[in-house]
Amino acid sequence: MGMVVLVTGVARHLGARFVAEIRRRPGVDLVVGVDVQPPRHPVEEPDGPAAPYRFQQLDLRRPAVARVIAEHRVDTVVHLAVSATGLGSTNRSSVKESNVIGTMQLLGACQKAPGVRRLVVKSTTGVYGSAPRDPAVFTERTQPKNLPGGGFAKDAVEVEGYVRGFARRRPDVAVTVLRFANIVGPGADTPLGEYFALPVLPTVLGYDPRLQFAHEDDVVAVLCRAARPPEPDTVNTGTFNVAGEGVLLLSQCARRLGRPTLPLLLPAISWMAAVARQTRMVDFSPEQLRLLTHGRVVDTTRLRETFGYRPRFTTPEAFADFAAAQSAGLLPPARLTAVTDGLAALLGPEYAPAARSHPSRPRS
């Protein structure tokens with residue numbers, strides 16, 4: 001008998017894409033999708049042979065997920081319902097309950113299901129936080145100097161703690177935690193994507209943070225690889241950072257989008273972020289503000305050498321694909337990039353953006 005895969009969070013873009021892809025993989029007999037709301041768009045039917053798909057509308061905070069796992073004899077669980085924003089609700093407490101309480105209920109159901117053999121959990125590099133004294137690069141073993149104090153990143157820290165407890169109680173289950181950098185792509189729906197869609201990008205005066213991105217195509221490919229038995233000479237259990245190689249400065253991102261920036265003092269931009277959240281214009285959370293101040297870069301050696309996957313898209317390539325799907329900015333990106341890069345070349349390498357090695361170092 002082949003694999004029976006349960007996928008949470010299928011009402012979102014990433015969950016729907018993963019379902020469409022995992023159904024094409026050989027050895028998969030059935031895919032069961034669950035979410036609190038039906039998908040806004042029907043799950044794409046793959047070309048050619050595909051495993052059947054069934055959707056169950058349920059709230060992970062309720063014990064009903066245990067019945068679904070038992071009814072379909074699920075052996076693989078892919079948990080994608082840990083998200084920065086809620087479906088149909090922007091209330092922070094509801095989002096936290098969905099992330100943390102929903103994960104606890106799911107893990108409790110998996111613990112009681114003897115047939116479950118593999119668990120894959122979507123997490124975020126936000127668990128490392130963003131602070132002035134952070135190391136230049138985070139590895140999977142790096143302990144953050146300042147744990148996230150709230151928001152989605154704190155939810156992810158708690159979720160990972162519960163997953164580690166589950167792994168100790170069920171050592172027979174292969175557990176994989178994937179810490180994704182900011183996910184971008186033509187269809188990615190994330191708070192950072194909303195920020196980059198603004199006509200003018202507010203930035204923190206004196207800072208030009210380093211950013212990393214993971215393309216949604218690579219994200220789906222990594223999830224599919226984690227959900228299946230490992231390839232020869234690879235290990236797909238444990239914790240892995242997932243990001244495209246290379247980095248971009250926030251100023252480089254703005255130029256590629258053709259968006260002018262509006263440098264503000266930190267108190268002013270914090271006030272603007274609070275107003276944006278209250279008016280629901282954009283989800284500009286405190287953790288996102290810290291990222292756009294100090295940046296964050298992670299090491300992906302384990303992803304390439306242990307997990308056995310090299311992302312198809314580098315960070316600049318992933319962002320370029322995202323930028324191509326955005327509306328035209330106020331400034332011509334090609335002309336703006338050529339002018340600024342030319343000025344940097346004339347001034348010398350010490351002024352080139354790539355030369356700044358620390359995310360929190362102020363611009364001179």
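Scoring rules and cut-offs
- Residues numbered from 1 in each chain as written.
- Predicted model: local features only at pLDDT ≥ 70, side-chain atom pairs only at ≥ 80, totals over all residues.
- Heavy atoms only, no water.
- Helix = DSSP H or I, 4+ residues; strand = E, 2+ residues; numbered from the N terminus.
- Buried < 20%, exposed > 50% of the residue type's maximum accessible area, 1.4 Å probe, protein only.
- Contact = heavy atoms within 4.5 Å.
- Areas by Shrake-Rupley, 256 points an atom, 1.4 Å probe, with all protein chains shown as cover.
- Phe/Tyr/Trp six-rings, centres within 6.5 Å; stacked < 30°, edge-to-face > 60°.
- Pairing = 2+ DSSP bridges.
- Axes fitted to C-alpha atoms, helices over the stretch in contact; angles between N-to-C directions.
- Parallel < 35°, antiparallel > 145°, perpendicular 65-115°, else oblique.
- Nonpolar A, V, L, I, M, F, W, Y, C, P; charged D, E, K, R; others polar.
- 1 Å grid on protein atoms, 1.4 Å probe; cavity = no way out; pocket = protein on both sides within 12 Å on 5 of 7 lines; lining within 4 Å.
- Points joined across faces, edges and corners; volume = space filled by probe spheres on them.
- pLDDT = per-residue confidence, 0-100.
- Expected span 1.5 Å × (residues − 1).

**So, the overall build of the protein**
Scanning the protein for helices and strands turns up twelve helices and 13 strands. When burial is assessed residue by residue, the protein has 50% of its 364 residues classed as buried. Taking contacts inside the protein between residues at least 6 apart in sequence as the whole, the part at least 24 apart equals 80%. Here the protein has roughly 16600 Å² of accessible surface; of this, 56% comes from carbon and sulfur atoms.

**Structural notes on the packing of aromatic side chains**
Scanning all chains against the criterion turns up eight aromatic pairs. Between Phe 319 and Phe 322 the ring centres are 5.5 Å apart and the planes differ by 50 degrees, which places this aromatic pair in the tilted class. Taken together, the positions of Phe 319 and Phe 322, both in helix 11 (residues 315-324) and three residues apart, correspond to about one turn of that helix. No difference in accessibility class separates Phe 319 from Phe 322, as the two residues are buried. Aromatic rings pair up to connect Tyr 195, Phe 196, Phe 213, Phe 319 and Phe 322 into one cluster.

**Some details on the sheet that holds strand 11 (residues 238-242)**
Read across the sheet, seven strands follow the order 3-2-1-4-5-6-11 without closing on themselves; strand pairing throughout is parallel. In this open sheet, the two strands that pair with only one neighbour each are strand 3 (53-57) and strand 11. On average, each strand axis in the sheet is inclined to that of its neighbour by 20 degrees, with strand direction left out of account. Two strands pair when backbone bridges link them, and strand 1 (residues 3-8) and strand 2 (residues 28-35) are joined in this way by six bridges, in the parallel orientation. What sits directly across from Thr 8, in strand 2, is Val 34. In the packing of helix 6 (residues 216-227) onto the sheet, the strands contacted are strand 1, strand 4 (76-79), strand 5 (118-124), strand 6 (174-180) and strand 11, and the crossing angle to strand 6 comes to about 170 degrees.

**Notes on the packing of helix 3 (residues 92-112) against helix 4 (residues 151-169)**
Contact pair helix 3 / helix 4: the axes reach a minimum separation of 10 Å and the direction vectors enclose 10 degrees. The orientation of helix 3 relative to helix 4 falls into the category roughly parallel. Judged by residue contacts, Arg 92, Val 95, Lys 96, Asn 99, Val 100, Thr 103, Met 104, Leu 107, Cys 110 and Gln 111 of helix 3 engage Gly 151, Phe 152, Lys 154, Asp 155, Glu 158, Val 159, Tyr 162, Val 163, Phe 166 and Arg 169 from helix 4. Looking at the contact of helix 3 with helix 4 residue by residue, the class counts come to ten nonpolar, four polar and six charged.

**Focus: empty space enclosed by the protein**
One pass over the full model with this rule turns up one cavity of 30 Å³ or more. Empty space within the largest cavity amounts to approximately 40 Å³. For the lining of the largest cavity, the class distribution of residues is two nonpolar, three polar and one charged.

**Let's talk about the side chain of Asp 155**
Residue position: Asp 155 is located in helix 4. Its relative accessible area of 0% is what places Asp 155 among the buried residues. Discounting chain neighbours no more than four positions away, the residues touching Asp 155 are Arg 92, Val 95, Lys 96, Asn 99 and Val 100.

**Regarding the confidence of the model for the protein**
Where the model shows low pLDDT, its predicted coordinates should not be examined in detail. Scored by pLDDT, the protein comes out at a mean of 87, with 86% of its residues at no less than 70. The low-confidence segment residues 350-364, where pLDDT is below 50, has 35 contacts with residues more than four positions distant or belonging to other chains.

**Notes on helix 4**
Taking 1.5 Å per residue as the helical rise, helix 4 with its 19 residues ought to reach 27 Å, and the 28 Å between its terminal C-alpha atoms agrees with that figure. Buried within helix 4 are the following residues: Phe 152, Ala 153, Asp 155, Ala 156, Val 159, Glu 160, Val 163, Gly 165 and Phe 166. Contacts from the buried residues of helix 4 go to helix 3, strand 5, strand 6 and helix 9 (286-294).

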